[in-house]
Amino acid sequence: MITSWQRYAKDHPRVVDVVVIVQLHAAVVLGSAFTTAADSRTKGSLGLGVLLGGIACVALLWHRSHPRTVVAVTAICGNTAGAVGYLLTPLLLAPVMAALYWLAVHTDRRTARVHCLAVTALLVATAMLFDQYGHPLALKTIGPAAWVVLPIAWGTASRLRSAYLEAVQARAEHAERTREEEARHRVAEERMRIARELHDVVAHHMALANALAGTAAHLAASRPEQTERILADLVGTTSTALRELKATVGLLRRPDDSEAPLEPAPGLGRLTELATAFASAGLTVDIVTEGDWRPLSPGVDLTAFRIVQEALTNVTKHASARAAQVTLAYTHDRLTVTVTDDGSGDTPVAPSPSGGFGLIGMRERAHSVGGRVRTGPRPEGGFSVTGELPIHL
């Protein structure tokens with residue numbers, strides 16, 4: 001969570017830099033005062049220490065744009081302080097340490113390492129060669145080296161942490177975009193699925209109802225008793241259409257809607273009922289089964305039924321056929337559904353100008369369960385629709 005201080009620091013980086021630099025210069029002044037107070041021989045050089053620290057701190061203002069140059073300037077100032085007799089304590093080296101920290105943050109690891117070694121060698125060599133007051137060897141060597149390495153390590157860790165957080169944020173944003181795209185894709189797939197269901201339900205039953213109504217009108221005068229039976233079948237067809245349409249539209253309801261219908265999806269078990277409905281419209285449908293019957297997964301069962309239903313509907317609407325045959329061929333892992341008719345073979349194989357998408361819907365359904373559909377006229381006349389589907393998804 002970003003605090004108010006972090007937000008202010010991000011929006012006003014120059015103000016934060018000035019505050020930090022003022023504090024660093026105060027540390028240099030304090031360090032110079034301690035050194036001159038501890039050793040009376042350096043007391044007269046307090047002003048020089050403050051001046052060198054001021055130059056180093058002013059150079060820190062450009063640490064973002066010229067981090068290497070800033071390290072060089074601060075190192076020279078610190079090295080000059082060591083050459084005139086100052087003991088290189090963390091207070092006097094504060095500008096150098098800050099410059100090295102920002103160098104590690106803004107540049108790569110190799111650059112930070114090279115500058116760290118160069119500054120360490122320079123400060124230690126100066127402390128060894130120009131020590132006029134006999135400071136302890138550990139303070140002249142281990143001390144400056146430790147205070148130079150520490151900000152490099154800290155800055156490198158900060159840079160790696162920032163890079164890690166940026167990578168995590170980028171992955172989170174990518175995952176969010178991916179989830180949104182996947183959600184849109186799923187919505188589009190669901191819309192297509194519902195559209196196919198609506199097309200299959202409405203197109204089939206409306207075509208069948210139209211055929212029944214036409215047959216009843218043709219036989220009304222000559223065969224009233226047959227007309228009455230056909231009208232009874234028409235009532236059953238429209239009732240079934242309304243029931244299936246309500247079930248399909250129920251898919252659009254909310255999951256907690258108690259009025260959503262729970263009618264199971266149709267399958268090949270209703271082929272006899274389907275054939276009887278088409279027989280009332282004047283189309284004789286024979287159902288032939290080859291191979292041993294095998295249970296199908298619900299998705300494949302529904303797909304096979306819809307393929308047969310759409311194929312027979314197309315026969316009724318577009319072909320001059322009196323008979324059709326549905327063949328179900330079972331193998332150990334596949335089901336082949338073939339629908340043929342003895343008509344003129346003029347069933348369209350592409351969407352008609354009026355916007356029919358029956359054959360496209362069949363292909364999409366078969367593809368969704370890992371199968372395929374082939375359509376085309378038969379050499380001996382009529383039309384053929386063949387769907388090859390896996391037994392199980």
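Remember, predicted model here, so these are calculated numbers, not experimental data.

Definitions and cut-offs
Residues numbered from 1 in each chain as written. Predicted model: local features only at pLDDT ≥ 70, side-chain atom pairs only at ≥ 80, totals over all residues. Heavy atoms only, no water. Helix = DSSP H or I, 4+ residues; strand = E, 2+ residues; numbered from the N terminus. Buried < 20%, exposed > 50% of the residue type's maximum accessible area, 1.4 Å probe, protein only. Contact = heavy atoms within 4.5 Å. Areas by Shrake-Rupley, 256 points an atom, 1.4 Å probe, with all protein chains shown as cover. Salt bridge = Lys/Arg side-chain N within 4 Å of Asp/Glu carboxyl O. Pairing = 2+ DSSP bridges. Axes fitted to C-alpha atoms, helices over the stretch in contact; angles between N-to-C directions. Expected span 1.5 Å × (residues − 1). UniProt positions renumbered as here; feature names shortened; annotations may be inferred. Phe/Tyr/Trp six-rings, centres within 6.5 Å; stacked < 30°, edge-to-face > 60°. Core = buried A, V, L, I, M, F, W, Y, C linked by side-chain atoms within 4.5 Å. Patch = residues over 30% accessible without salt bridge, like charges linked within 9 Å, V, L, I, M, F, W, Y side chains within 5 Å. Parallel < 35°, antiparallel > 145°, perpendicular 65-115°, else oblique. Left-handed = near helix turned anticlockwise from the far one by under 90°. Nonpolar A, V, L, I, M, F, W, Y, C, P; charged D, E, K, R; others polar.

Side note on the overall build of the protein
In terms of helices and strands, the protein carries eleven helices and five strands. Counting only residues that meet the buried cut, the protein has 41% of its 393 residues in that class. Sequence separation of at least 24 residues holds for 71% of the intrachain contacts in the protein that already meet a minimum separation of 6. Counting only carbon and sulfur atoms, one obtains 62% of the accessible surface of the protein, whose full area is about 21,700 Å².

Some points on the pattern of salt bridges
All chains considered together, the criterion is met by five salt bridges. Residue arginine 372 is joined to glutamate 388 by a salt bridge in which the shortest nitrogen-to-oxygen separation is 3.2 Å. Linking arginine 372 in strand β4 (residues 372–377) with glutamate 388 in strand β5 (residues 383–390), this pair joins segments that are 16 residues apart in sequence. We classify arginine 372 as partly exposed; its relative accessible area is 47%.

Some thoughts on the sheet that holds β5
Spatially, five strands are ordered β1-β2-β3-β5-β4 in an open sheet, and the strand pairing comes out mixed. Here the strands that pair on one side only, and so sit at the sheet edges, are β1 (284–290) and β4. Going from strand to strand, the sheet's axes swing by 10° on average, the running direction of each strand aside. Here six bridges tie β4 to β5, and the two strands are oriented antiparallel to one another. Its bridge partner being in β5, glycine 376 is matched across the sheet by serine 384. The sheet strands contacting helix α9 (residues 271–280) are β1 and β2 (323–330), and the helix crosses β1 at an angle near 155°.

Some words on helix α10 (residues 298–318)
Helix length check: α10 (21 residues) gives 30 Å between terminal C-alpha atoms against 30 Å at 1.5 Å per residue, within 8%. Counting buried positions along α10 gives 15 out of 21 residues, so the element sits mostly inside the fold.

Looking at the UniProt feature "transmembrane region" (unreviewed entry) in the protein
In the numbering used here, UniProt assigns the "transmembrane region" (unreviewed entry) feature to residues 15–34, 46–63, 83–105 and 112–130. Strand forms 0% of residues 15–34 and helix 100%; the C-alpha atoms that close the span are 29 Å apart. Annotation note: span residues 112–130, helix share 95%, strand share 0%, distance between end C-alpha atoms 27 Å.

Concerning the packing of aromatic side chains
Per the counting criterion, the structure on display carries one aromatic pair. Relative to tryptophan 154, the ring of tyrosine 101 lies with its centre 5.1 Å away and its plane at 50°, an arrangement referred to as tilted. Highlighted residues: tyrosine 101 in helix α5 (residues 94–106) and tryptophan 154 in helix α7 (residues 137–219), separated in sequence by 53 residues. On the basis of relative accessibility, which here comes to 57%, the residue tryptophan 154 falls in the exposed class.

Describing the nonpolar core
Counting 43 residues, the largest nonpolar core has Leu268, Leu283, Val308, Leu312, Leu328 and Leu335 as its most contacted members. Only α7, α8 (224–249), α9, α10, β2, β3 (334–341), α11 (358–368) and β5 provide two or more residues apiece to this core. Element by element, the count of residues in this core is highest for α10, at eight residues. Non-local contacts of valine 308, meaning those with residues more than four positions away in its chain, are made with Leu271, Leu274, Val326, Val337 and Val339. Residues Ile21, Leu100, Ala112 and Leu123 belong to the second largest nonpolar core, which totals 25 residues.

Brief notes about the environment of threonine 215
Within the secondary structure layout, threonine 215 lies in helix α7. Taking relative accessible area as the criterion, threonine 215 reaches 22% and is therefore assigned partly exposed. Sequence-wise, threonine 215 and alanine 281 are 66 residues apart; in three dimensions their C-alpha atoms are separated by 6.9 Å.

Quick notes on a nonpolar patch on the surface
A surface patch of nonpolar side chains, about 430 Å² in accessible area, is lined by Met128, Leu129, Phe130 and Leu137. Mapped onto the elements, methionine 128 comes out in helix α6 (residues 109–129).

A closer look at helix α3 (residues 46–59)
Note: α-helices contain 3.6 residues per turn, so residues at a spacing of three or four share the same orientation. Across its 14 residues, α3 extends 20 Å between first and last C-alpha, which sits within 8% of the 20 Å expected from 1.5 Å per residue. Within the sequence span of α3, burial applies to Gly49, Leu52, Gly53, Gly54, Ala56, Cys57 and Ala59.

Describing the packing of helix α4 (residues 67–83) against α5
Running from N to C, α4 and α5 point in directions that differ by 160°, and their axes come no closer than 9 Å. For the element pair α4 / α5, the angle class is roughly antiparallel. In the packing of α4 onto α5, the handedness of the crossing is left-handed. Contacts from Pro67, Arg68, Val70, Val71, Thr74 and Ala75 in α4 reach Pro95, Val96, Ala99, Leu100 and Leu103 in α5. Residues belonging to the contact of α4 with α5 are distributed by class as follows: nine nonpolar, one polar and one charged.

Side note on the pairing of β2
Sheet analysis places β1 next to β2, joined by seven bridges and oriented parallel. Paired with isoleucine 287 across the bridge in β2 is valine 326. Pairing of β2 with β3 involves seven bridges; the strand directions are antiparallel. The residue of β3 that forms the bridge with threonine 327 is threonine 338. In this antiparallel pair of consecutive strands, β2 and β3, the connection spans three residues.

A short note on the packing of α3 against α4
Relative to each other, α3 and α4 sit at 170°, their axes nearing to 9 Å. The orientation of α3 relative to α4 falls into the category roughly antiparallel. Contacts between α3 and α4 pair Leu52, Ile55, Ala56 and Ala59 from the former with Val70, Val73, Thr74, Cys77, Thr80 and Ala81 from the latter. The class makeup of the residues in the contact of α3 with α4 is eight nonpolar, two polar and no charged.

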